[in-house]
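Read off the chains here:
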Amino acid sequence: MGPCSFKVQKHRSLEERLGAARKLTEHFSLPPQCQLVADCMDNNANVAYGVSNERVCIVLQRKIAYLGGKGPFFYNLKDVRQWLEQSYGKR
């Protein structure tokens, strides 16, 4: 695995899922405006919005501001970076 790769087992509890999310936030520095959220164990957000495990969604003020294509084939991280840079400037 590369330096930005993580091995995450299938979550058996919400605590494990939140721990995996915490691990991501510790490794990647997110701007204060960005929040990482985790779905409940019943995956109700996944069911409601039809997102796959790799879909990128940026939410601003409780509205979807950017919705990437369904992963792993129909999303583009360069588009996400471009959107973030246009919205918040380059780091």
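See the structure printed just above.
Right, let's walk through the structure included here.

Conventions and cut-offs
- Residues numbered from 1 in each chain as written.
- Predicted model: local features only at pLDDT ≥ 70, side-chain atom pairs only at ≥ 80, totals over all residues.
- Heavy atoms only, no water.
- Helix = DSSP H or I, 4+ residues; strand = E, 2+ residues; numbered from the N terminus.
- Buried < 20%, exposed > 50% of the residue type's maximum accessible area, 1.4 Å probe, protein only.
- Contact = heavy atoms within 4.5 Å.
- Areas by Shrake-Rupley, 256 points an atom, 1.4 Å probe, with all protein chains shown as cover.
- Lys, Arg positive; Asp, Glu negative; His and termini not counted.
- Salt bridge = Lys/Arg side-chain N within 4 Å of Asp/Glu carboxyl O.

**Remarks on the overall build of the protein chain**
- Along its length, the protein chain carries three helices and two strands.
- When the helices and strands of the protein chain are read in sequence order from the N terminus, they spell out α-α-β-β-α.
- For the protein chain, with 91 residues in total, the buried portion stands at 11%.
- Put simply, 23% of the contacts in the protein chain that link residues at least 6 apart link residues at least 24 apart.
- Counting only carbon and sulfur atoms, one obtains 54% of the accessible surface of the protein chain, whose full area is about 7800 Å².

**Remarks on unusual backbone geometry**
- Phi is positive for N43, close to 55°, though the residue is something other than glycine.
- Tracing the backbone shows N43 in the loop between α1 (14-27) and α2 (44-49).
- For N43, a relative accessible area of 26% puts it in the partly exposed group.

**Topic: the side chain of R17**
- Examined against the element boundaries, R17 turns out to sit in helix α1.
- One buried charged residue, R17, forms no salt bridge at all, with the nearest opposite charge on D39 at 5.0 Å.
- Among all residues touching R17, those that are not within four sequence positions of it are H11, A38, D39, C40, M41 and N43.

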